Every structure is written in C-alpha cells, then in structure tokens.
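Descriptive analysis of the structure
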Amino acid sequence: MSDKPVKKIGLWNIVGLGVGGAIGSGIFVTLGSAIGMTGRSILPITVICVFYMLLAYWYNLAMSGVFIVEGGDYSMKGMLLPPLLTGYGGWTNVIWAFGFTGYALSLTDYLSSLWPILGQYNRLTSAVLLTVFFLLTIRGNRVVTLFQNVATILLIGALVLFVVVGIPNVNAAHFFSATYDGGFFHGGFMGMLSAIAIMGWACQGTTMGPVGVVPITKNAKRTIPLGILITCVVVSIVYGLMSYVAAGVLPYDDIANQNLSVTAGAIMSQAPFAFFVIGGGVCAIISSFLAVLAMIREPLSHMADDGWLPGLFRKKSSDGYPYFCFLMVYIVALVPILTGMSVDNAITMLMIPTMLINAYLNTACIIIPKKYPEQFAKRSLKIPTWFFYACSVLGGVCALIIAITLFKDLTPGDAVVAAAIVIIPLIFSAIALKRKSVDSAILAQRREEIVEAALKAEE
C-alpha cells in the first residue's frame, strides 16, 4: 500500500462539487409543475427555495462547521438519530424507489418530445427504461463514472443554450405584469408554498456533495460550510435565469405543468432543440438516475447486514452486489409506473419522509452547543449561539412545512399511500428492534464510535 499522502481539495473544488450535485435532473423535472402552481413568480420562488432548502438541511451545514465528520451525511445521522429512526433512515434508501419512478416517467416525457410515439405508450416506455437502468447497476459503478463525465459537459452546454437563446425572447413587461394572463402569483400564497415544496427536489443537493468529501478537504470545518454557502448563491443565479426563460417566453396556459422542452421548442430550431432535450433533460435525468443507484448500493447492503431486513436480503454476488435489495427497490419503483402515478406524486412520496427525518435532525442540533461546548466554541461559522438555536428550530419548521404542504396537495387516495410510506418503515424498524434482529447495543456502540472519531479529528 502506498504511503503517499492524499491530495486534498480546496474551496472551489467544493463549490464545483456542490453546484454539479445540485444542478441536475430536479430543475428539468419540477420547474414546469412549480410554474403551474405559482406562475411567473417562479423567478423569486426558485431563488428563495435554494436558501429555504439550505435551512431544511440545516444539520449538514451546522455539523460540518463544528465537527469533522468523515462519514458525511450518514455519520451525521448516526450521531443524532435514536435506534428507531436509525432504522427508518435506512428505509429511506428503499423509499428512493419513488425517485426512480419519477426519473423514468420524466425521461419518457423528454424523449416523447423528440419521438411522440413513446408518449403513446408512456407506462411501457417508463417501465422499460427503469428496467434497463437497474440492469446497468449489475455492471458496477464504472458505467456511472463514464457517463457522468460526458453528461456534465452536455448539461452545461444545454443550460447555457437555453438561457442565452431564451432571454432575448422574454417579454419583460408581460413577465412582471400582475394582470397579464393571470400568470403572476397565480396560486396566491398557498401556490407559492406548494411551488417551494415541489421545487425542493431540485434545490436539495447543495449540501449533500460537499459533506461527503470531508476526509479529503483542506481545513474542512471552514471550507465545507463556506463552499455550501457559495454553492447556494451560484445555484440560485442559475435557477433564477432558467426560471425567467421558462416562465417568460410563452403564456401561462402554454407552460404550466409542462417540462422545459415546451419552451425550448418555441425558441430553438430543430437541431439546437434536439441538443437541449438530449444534452439537457435526458442527460441530467440519466446522470441522476445512475448516480443515485450507485449511492444507495452500500447503504442498502449495510442495512441488510445490520438486520433491518430479513436474512434473504443479505445475499450478494461475488463482487458484493446486493441483488435482492435492488430487486426490492426495483419492484417498489415499478408498481407506481404501472398504476399510473404522476411524476409530482412520485417525488412527493420520496420528499415527505425525507423532510420528516430532516425536521428531527435539524431540531436535534439544538443539543450541540451544550453537549459539545469545546467543539462549538471552535465552530467555523461564528454566529451567535442564539442564532444557532434559532436556525435549528427554523430548519426543523421549514422541513416540516414542506412535508405538510406536499401531503396537503395529494388526493385522499394518494395521501393514504404517502402515510403508509411513512408508517410502515417505522413499524418494520420497531419489529426489528423488538425481535433483536438488530442489536441496540451495537447501534449504540457505533454511535459512540462516530462521536469519538468526530471529537478526535484534527485539521
């Protein structure tokens, strides 16, 4: 083994990682729905939403400025969650299946703008796409790495094309008119709230990438939080420009609840339009699809090994591929496609449990100043203690509001499904603990190990 020290990354590497992780499929998937909820006021909403979601993921920002948590988001949760919610946190990797449902349905929508026949067989096309991507995971993460490099370049080109070609086509007088076609603040205050809730999917990635690279970051306690804040500024500008074009070229009725290909088709000739659809929408969605599939592989495997799932799910291939775990996620993702679930509802089914967990994690940060006074005194973000407490509470409230708003917007039948997605994993986690399939003592020991490592870590 080489003793050569690992070259550490700096602030702008963190910003690049954060921006790359945040700007992806989410904006291509949710922007049209958010426009339908709030109209052309989507411009300030997208900017606000980036910082709103920073509060909804407050624990990532707060803890990265106080501790050097080398396990990133996973270890942060390990420090803050009790055993029952630790199991529930593991189940969120299974709930990510609804994200894959949304990816498959959205990918079909974008491909249909080039080949309309695919839209006539929406469920079949989406099911086939879902199956293909799960089969690709058997080949490991190399496919993801190769695709990501190409997709990032194409995505940047598509976004620049959309903004540069689109801005001259926006009628600014109409865009900011409160009366033109009823498209400004279309749904009133509740419409704005609903738009923020659904756009949360597109704005939640600003913290995840940076907190995952703590071990290889220079002066991590300062660099990670600062990088997150700069990332939020950059992403808000990019999203603001995109929303200005998406909501400003066509009348409200033509763009509400439509994907970005509708606006692109109105401002681009055939060749640039095809590039935007493939390089932008399709590449962004496929990139996220493959990246998340790779991201949940190890957590799913550890979840099974820890006893949260029946013994069958511990079986793996010779190279560690947890095929029964992935088969379960695949089935959970396929059923909503076959039953006709919409993209918005699929995203909602994932976001509600995620935001409920975040509400707990954010509020739990209140314990940090008193429980770890020495580390808190050395925090990189020199905000007053009262402000830290206020952000912890506000972060919990922000996450809870998103969950409640998304739940409120569901039909009664979908609301039952959403409630089941929250309650059933809690029941399964409680059963695993009661039957001692999961050893609470081992969970406590691991938690202490995470805390001890975070306290001992030096820059």
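What counts and how
- Residues numbered from 1 in each chain as written.
- Predicted model: local features only at pLDDT ≥ 70, side-chain atom pairs only at ≥ 80, totals over all residues.
- Heavy atoms only, no water.
- Helix = DSSP H or I, 4+ residues; strand = E, 2+ residues; numbered from the N terminus.
- Rg over C-alpha atoms; globule rule 2.2 N^0.38 Å.
- Buried < 20%, exposed > 50% of the residue type's maximum accessible area, 1.4 Å probe, protein only.
- Lys, Arg positive; Asp, Glu negative; His and termini not counted.
- Charge placed at Lys NZ, Arg CZ, Asp CG, Glu CD.
- Contact = heavy atoms within 4.5 Å.
- Polar contact = N/O pair within 3.5 Å; in protein donor to acceptor, adjacent residues only side chain to side chain.
- Axes fitted to C-alpha atoms, helices over the stretch in contact; angles between N-to-C directions.
- Parallel < 35°, antiparallel > 145°, perpendicular 65-115°, else oblique.
- Left-handed = near helix turned anticlockwise from the far one by under 90°.
- Nonpolar A, V, L, I, M, F, W, Y, C, P; charged D, E, K, R; others polar.
- Salt bridge = Lys/Arg side-chain N within 4 Å of Asp/Glu carboxyl O.
- Patch = residues over 30% accessible without salt bridge, like charges linked within 9 Å, V, L, I, M, F, W, Y side chains within 5 Å.
- Areas by Shrake-Rupley, 256 points an atom, 1.4 Å probe, with all protein chains shown as cover.
- Core = buried A, V, L, I, M, F, W, Y, C linked by side-chain atoms within 4.5 Å.
- Expected span 1.5 Å × (residues − 1).
- Bend = angle between axes of the 7 residues up to and from the residue.

1. Re the overall build of the protein
- Across its full length, the protein holds 24 helices and zero strands.
- Relative to the compact-globule value of 23 Å for 459 residues, the protein shows a C-alpha radius of gyration of 22 Å, a close match.
- In the protein, which comprises 459 residues, the share counted as buried stands at 54%.
- Each charge sign in the protein was given a centre, from 27 positive and 21 negative side chains, and these centres are 6 Å apart.

2. Quick word on the environment of asparagine 362
- By the element assignment, asparagine 362 lies in helix α19 (residues 343-364).
- For asparagine 362, a relative accessible area of 0% translates into the label buried.
- Considered as a pair, asparagine 362 and cysteine 398 are 36 residues apart in the sequence and their alpha carbons are 9.6 Å apart.
- Residues contacting asparagine 362, with those up to four places away along its chain left out, are Leu55, Ala56, Tyr57, Trp58, Tyr59, Ser392, Gly395, Gly396 and Ala399.
- Within polar-contact distance, the side chain of asparagine 362 engages the backbone oxygen of alanine 56 at 2.9 Å.

3. Topic: unusual backbone geometry
- Even without a glycine there, the phi angle at asparagine 219 is positive, about 45°.
- Looking at the element boundaries, asparagine 219 is found in the loop between α13 (208-211) and α14 (220-248).
- Phi at lysine 436 is positive, roughly 60°, even though this residue is not glycine.
- Within the fold, lysine 436 resides in the loop between α23 (412-434) and α24 (440-456).
- Residue class for lysine 436 comes out exposed when judged on its relative accessible area of 68%.

4. Some points on the packing of helix α2 (residues 25-38) against helix α3 (residues 42-56)
- The N-to-C vectors of α2 and α3 enclose an angle of 120°; their axes lie 10 Å apart at closest approach. The pairing of α2 with α3 is recorded here as oblique in orientation. With respect to the hand of their crossing, α2 and α3 are arranged in right-handed fashion. Across the interface between the two elements, Leu31, Ala34, Ile35 and Thr38 of α2 pack against Ile42, Ile45 and Thr46 of α3.
- Class assignment for the residues of the contact of α2 with α3 results in five nonpolar, two polar and no charged.

5. Overview of the pattern of salt bridges
- Taken as a whole and assessed by the stated rule, the structure comprises three salt bridges.
- Taking the shortest distance from any N to any O, the salt bridge between glutamate 374 and lysine 378 comes out at 3.7 Å.
- With relative accessibility at 52%, the residue lysine 378 sits in the exposed group.
- Of the charged contacts, one joins lysine 408 and aspartate 409 as a salt bridge, the two residues approaching to 2.5 Å between their closest N and O atoms.

6. Some remarks on the environment of serine 106
- Looking at the secondary structure, you find serine 106 in helix α7 (residues 97-112).
- Separated by 209 residues in the primary sequence, serine 106 and lysine 315 place their C-alpha atoms 32 Å from one another.
- Ignoring anything within four residues of it in the chain, the contact list for serine 106 reads Val29, Ile285 and Val343.

7. Considerations on a nonpolar patch on the surface
- Among the surface-exposed residues, Trp115, Ile117, Tyr121, Leu124, Val128, Val132 and Ile278 lie close enough to one another that they form a single nonpolar patch of about 690 Å² accessible area.
- Ranked by residues supplied to the nonpolar patch, first place goes to helix α9 (residues 122-136) with three residues.

8. Quick look at the nonpolar core
- Counting residues in hydrophobic clusters, the biggest one holds 154 residues, and the most contacted among them are Met53, Phe100 and Leu130.
- The element best represented in this core is helix α17 (residues 270-305), accounting for 15 residues.
- Not counting the four nearest positions on each side in its chain, phenylalanine 100 is found in contact with Leu130, Phe134, Phe289, Val292, Leu293, Ile296, Val329 and Ala333.

9. Let's talk about α7
- Between its first and last C-alpha atoms α7 spans 23 Å; for 16 residues at 1.5 Å apiece the expected length is 22 Å, and the two agree.
- By the criterion of burial, α7 is predominantly enclosed, with 15 of the 16 residues buried.

10. Observations regarding α2
- With 14 residues, α2 should reach 20 Å at 1.5 Å per residue; the first-to-last C-alpha distance of 21 Å fits that figure.
- Maximal helix bending in α2 amounts to about 40°, located at leucine 31.
- Across the 14 residues that make up α2, a large majority, 13, are buried.
- Looking one or two places after α2, you find glycine 39, whose phi comes out positive at around 70°.

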